[in-house]
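Okay, here's what each chain looks like letter by letter:
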Amino acid sequence: MIKKFPISPENEEKLLNNAKNLAGYTIKELANNINISMPNNLKCNKGWIGKLLEYYLGASGGNTAKQDFAHIGIELKTIPINYYGKPLETTFICVVPLINNIGITWISSYLRYKLSRILWIPIEGEQRIPLAKRRIASPILWSPSKIQEQWLKQDWEELMDMIVLGNIEDITSRHGQFLQIRPKAANSKSLTKGIGRKGQQIMTLPRGFYLKKNFTDIIISHHFNLCSNNQYLKKINSYFDII
DNA sequence: CTCTGATCATTT
DNA sequence: AAATGATCAGAG
């Protein structure tokens, strides 16, 4: 019997334990357990797994600009991994503020708030594995280390400088060592307000902050105590142990 | 094979 | 349009 936790947990220990109880189960097992229908793939349901896990763990943020578990200061993120535990996708964190950035610093930024504490739930994500058979891995409760926060701060400041100075159109996903800015929109015709090259208001594509895979790889690798020489030799089963 | 730019669903 | 949840898929 798979446990579901409709009530938001009262502290992070309970949340982490609840998440650990889901490790090893497949997507199909979780869906069947609560009698919800499952799509054949994620093509038209990209956030489906994230919503499923939010439901199981009792996330309460909804579509509001809060953490998923605001009362205990935790954000929930699912992350697709391959056979060796490497991230398959970048991780969206939040929308990039393109205007009204006067006085915003790293410390007061929404990005830093969202990244302050995250419950990562890795999930098998290779497309050769049918969605129904993909397994939930052991969760990782994480906060950025000093050096990790320094890396992110550096990227954030460089990118925000470009935005404030009217160079948003020059930013590509190649900017930033660990943090990148990419489109975050319904399609390429979506528009939002931004600052142009001469300081004028322009309409531009909405953007999002994403963690690059090299960053999330470090989080996952460190958590499972894998050393640099053999970290990718370990089999995926290591990630499904219920600790 | 990997990465960048584009895209999908839903709610407010 | 903007926020939430992310992954797709063609280009290189």
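Residues numbered from 1 in each chain as written. Chains lettered and ligands numbered in written order. Predicted model: local features only at pLDDT ≥ 70, side-chain atom pairs only at ≥ 80, totals over all residues. Heavy atoms only, no water.

- Chain A appears in an unreviewed UniProt entry as DNA mismatch repair protein MutH from Candidatus Arsenophonus lipoptenae.
- What UniProt states about chain A under its Subcellular location (unreviewed entry) heading is, verbatim, "Cytoplasm". (UniProt positions renumbered as here; feature names shortened; annotations may be inferred.)

## Points about the pairing of strand E3 (residues 118-124)
At step 1: Extensive coverage of E3 is indicated by the burial of seven of its seven residues.
At step 2: Bridge analysis of strand E1 (residues 75-81) against E3 gives seven bridges, and the strand direction is parallel. Across the sheet, Leu76 pairs through a bridge with Leu119, a residue of E3.
At step 3: Here E3 runs beside strand E4 (residues 140-142); their pairing, made up of three bridges, is antiparallel. Across the sheet, the residue bridging to Trp120 is Ile140, located in E4. (Buried < 20%, exposed > 50% of the residue type's maximum accessible area, 1.4 Å probe, protein only. Helix = DSSP H or I, 4+ residues; strand = E, 2+ residues; numbered from the N terminus. Pairing = 2+ DSSP bridges.)

## Focus on the protein's contact with DNA strand B
At step 1: Close to DNA strand B lie 18 residues, the nearest being Cys44, Lys46, Arg174, Ala185 and Ser188.
At step 2: The sugar-phosphate share of atoms of DNA strand B within 4 Å of the protein amounts to 58%.
At step 3: Ser173 places a polar side-chain atom, nitrogen or oxygen, 2.8 Å from a sugar or linking oxygen of DNA strand B.
At step 4: At 2.8 Å from a base nitrogen of DNA strand B is found a side-chain nitrogen or oxygen belonging to Arg182.
At step 5: The greatest single-element share of the surface near DNA strand B, amounting to three residues, is contributed by strand E5 (residues 179-183).
At step 6: Tallied by class, the residues present in the surface near DNA strand B amount to six nonpolar, six polar and six charged. (Near = heavy atom within 4 Å. Polar contact = N/O pair within 3.5 Å; in protein donor to acceptor, adjacent residues only side chain to side chain. Nonpolar A, V, L, I, M, F, W, Y, C, P; charged D, E, K, R; others polar.)

## Regarding the sheet that holds E5
At step 1: Pairing is antiparallel in the open sheet, where three strands are placed in the order E2-E8-E5. Each end of this open sheet is capped by a strand with a single partner; those strands are strand E2 (91-95) and E5. Between one strand axis and the next, the sheet turns through 35 degrees on average, direction left out of account.
At step 2: The pairing of E2 with strand E8 (residues 207-211) spans four bridges and is classified as antiparallel. Within E8, the position partnered with Phe92 by the bridge is Tyr210.
At step 3: Of the strands in this sheet, E5 and E8 touch helix H5 (residues 146-164), which is tilted by about 40 degrees from E5. (Axes fitted to C-alpha atoms, helices over the stretch in contact; angles between N-to-C directions. Contact = heavy atoms within 4.5 Å.)

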